[in-house]
Amino acid sequence: MSDRLAIVVPCYNEEEVLPISIPELLKVLDELTGQKKISTDSYLLFVNDGSRDRTWELLEEAHQKDSRVRAVKLAKNCGHQSALIAGLMTAKEDADMTVSIDADLQDDTSVIREMVEEYHNGCEIVYGVRGSRRSDSFFKRTTAEGFYKLLAALGVKTVFNHADFRLMSAKALNELAEYKETNLYLRGLIPLLGLKTGKVVYERKERLAGESKYPLKKMLALALNGITSFSVQPIRLVFHIGLFVLLICLGAAVYAFVSYLTGDVERGWTSLILSVWFLGGIQLLAIGVIGEYIGKIYNEVKHRPLYHIETILKEDEK
Ligand code: UDP
Ligand code: MG
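All residue numbers refer to position in the chain's written sequence, counted from 1. Just so you know, chain letters begin at A and ligand numbers begin at 1, following the order they were written in. The predicted nature of this model means local features are confined to residues of pLDDT at least 70 and side-chain atom pairs, given and counted, to a pLDDT of 80 or more, with totals for whole chains, interfaces and linings taken over all residues. With hydrogens and water excluded, all non-hydrogen atoms of the structure serve as input to the side-chain values.

### Here we look at unusual backbone geometry
Part 1 of the argument: Residues other than glycine seldom take positive phi values, yet Asn13 does so here, at roughly 50°.
Part 2 of the argument: Per the convention used, a helix needs a DSSP run of H or I reaching at least four residues, while a strand needs a run of E reaching at least two, with both numbered from the N terminus. Note that Asn13 resides in the loop between strand 1 (5-11) and helix 1 (18-34).
Part 3 of the argument: Here Lys36, not a glycine, exhibits a phi torsion of approximately 60°, which is positive.
Part 4 of the argument: Inspection of the secondary structure assignment puts Lys36 in the loop between helix 1 and strand 2 (43-48).

And the structure:
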């Protein structure tokens with residue numbers, strides 16, 4: 001008896017691509033069931049993220065024709081990350097593994113086979129990693145790669161050139177469900193699970209049809225969320241700037257004092273300039289200290305699990 005696969009696809013105004021991507025994904029299921037890599041009751045799970053076009057009607061029609069097409073309708077647009085987690089959490093109830101993929105099929109569906117292979121080799125998470133970013137515009141490529149490097153510099157563990165095309169086992173999803181935070185940046189959370197992972201490399205294609213649902217504004221919001229959900233370094237930076245200003249204050253004090261002694265200053269300048277530097281430094285330092293505590297509160301509020309158990313050796317319960 002092989003394992004059940006659910007392919008989870010978030011969709012926002014995707015009427016132009018669904019007529020192409022639904023049959024293509026069904027073909028992937030056919031191929032894998034034919035090879036007995038997945039069970040025959042494997043399915044596709046589309047998440048309609050509050051689309052305003054015919055996305056939902058198309059999904060209903062597809063479900064009528066083939067019951068392996070399942071769909072969840074969110075009450076309103078919640079954004080890609082939330083739509084994705086809605087799909088994954090729904091699928092984890094009855095699937096042994098899930099593959100998440102965008103509706104525009106920019107990610108190569110043929111590597112799903114390799115992902116499933118890795119799953120059978122014991123991986124709980126398999127990342128789809130882009131071999132290159134040739135299909136991206138120069139702007140998207142440089143900003144995206146710069147962002148991943150910045151995240152790494154801030155101490156956030158992410159998988160380079162991996163977006164949300166990945167396989168996750170039911171076990172990995174159950175562990176992920178322990179993360180109760182509302183600010184979701186899945187790419188940052190998954191490496192924290194610490195389970196056995198694999199990688200498959202693929203080339204990302206152009207969007208099948210329609211236009212990107214990730215305009216610059218959404219991309220920036222995601223990037224900012226990625227940084228602030230995983231790192232308190234920006235707060236710490238304020239603290240360090242405060243220290244730096246106080247150091248400058250020391251230098252300024254020497255300069256002001258020498259100027260005062262040589263008598264080459266206006267009356268009151270020395271005390272004024274010293275107060276400006278000193279107060280500026282102290283204020284930044286104080287904000288940094290308060291920020292440090294707010295950072296702690298932030299981490300507590302997120303209430304992330306402290307550990308994930310991989311296996312337990314024990315007698316079977318009778
Ligand atoms: N998406 C979504 N909700 C949103 C925005 C996007 O569910 O608010 C979905 C979209 O339908 C697609 C995936 O997220 O399946 C990725 O979006 P897109 O392909 O437009 O992003 P890009 O590839 O341009 O970064
Ligand atoms: Mg896309």
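Structure shown, so let's carry the discussion forward.
### What about the sheet that holds strand 5 (residues 125-130)?
Part 1 of the argument: Should DSSP find at least two bridges between two strands, the strands are taken to pair. Taken in spatial order, the 7 strands make up an open sheet running 3-2-1-4-6-5-7, and their pairing is mixed. Each edge of the open sheet carries a strand with a single partner, namely strand 3 (69-73) and strand 7 (197-202). Each adjacent strand pair in this sheet contributes to an overall mean axis angle of 25°, direction not counted.
Part 2 of the argument: Relative to strand 3, strand 2 is paired through 5 bridges, and the arrangement is parallel. The residue of strand 3 that forms the bridge with Val47 is Val72.
Part 3 of the argument: Against the sheet, helix 4 (residues 112-120) makes contact with strand 1, strand 4 (97-100), strand 5, strand 6 (162-169) and strand 7, and its axis sits at roughly 45° relative to strand 6, the strand it touches most. Structural elements are reduced to axes, namely lines fitted to C-alpha atoms, with helices fitted over the stretch in contact, and the angle between N-to-C directions of any two is expressed from 0 to 180 degrees. A contact between two residues is defined here by any heavy atoms of the two lying within 4.5 Å.

### Digging into helix 10 (residues 269-302)
Part 1 of the argument: The terminal C-alpha atoms of helix 10, which comprises 34 residues, lie 49 Å apart, in line with the 50 Å expected from a rise of 1.5 Å per residue.
Part 2 of the argument: Within the sequence span of helix 10, burial applies to Thr270, Gly281, Leu285, Gly288, Gly291, Gly295 and Lys302.
Part 3 of the argument: Where helix 10 terminates, the next one or two residues include His303, which has phi positive at roughly 55°. To estimate how far a helix should extend, the number of its residues minus one is multiplied by 1.5 Å. Burial status follows relative accessibility: with a 1.4 Å probe on protein chains alone, a residue under 20% of its type maximum counts as buried, one over 50% as exposed, and anything between as partly exposed.

### Focus on the nonpolar core
Part 1 of the argument: Membership of the largest hydrophobic core comes to 37 residues, with the highest contact counts inside it found for Leu176 and Leu193.
Part 2 of the argument: Elements that contribute at least two residues to this core include exactly strand 1, strand 2, helix 3 (80-91), strand 5, helix 5 (138-153), helix 6 (170-176), helix 7 (186-189) and helix 8 (216-230).
Part 3 of the argument: It is helix 3 that provides the largest number of residues to this core, a total of 5 residues.
Part 4 of the argument: If near-sequence neighbours (up to four positions away) are discounted, Leu176 is found in contact with Ile85, Met89, Met168, Leu186, Leu189, Ile190 and Leu193.
Part 5 of the argument: In plain words, nonpolar cores are sets of buried Ala, Val, Leu, Ile, Met, Phe, Trp, Tyr and Cys residues tied together by side-chain atoms within 4.5 Å. Leu32, Val99, Leu105 and Phe165 belong to the second-largest nonpolar core, a separate cluster that totals 36 residues.

### Describing the pattern of salt bridges
Part 1 of the argument: Salt bridges are defined by distance alone: a side-chain nitrogen of Lys or Arg within 4 Å of a carboxyl oxygen of Asp or Glu. What the rule picks out here adds up to 18 salt bridges.
Part 2 of the argument: Here Glu61 ties to Arg54 by a salt bridge, and the two come within 3.4 Å at their closest N and O atoms.
Part 3 of the argument: Classification of Arg54 as partly exposed rests on a relative accessible area of 41%.
Part 4 of the argument: The salt bridge involving Arg204 is made with Asp107; its shortest N-O contact spans 2.9 Å. Here Arg204 is found in the loop between strand 7 and helix 8, whereas its partner Asp107 is found in the loop between strand 4 and helix 4, with 97 residues between them in sequence.
Part 5 of the argument: Assessed through its relative accessible area of 3%, Asp107 is described here as buried.
Part 6 of the argument: Overlapping salt bridges, with partners in common, bring together Arg4, Asp41, Arg70 and Asp94 in one network.

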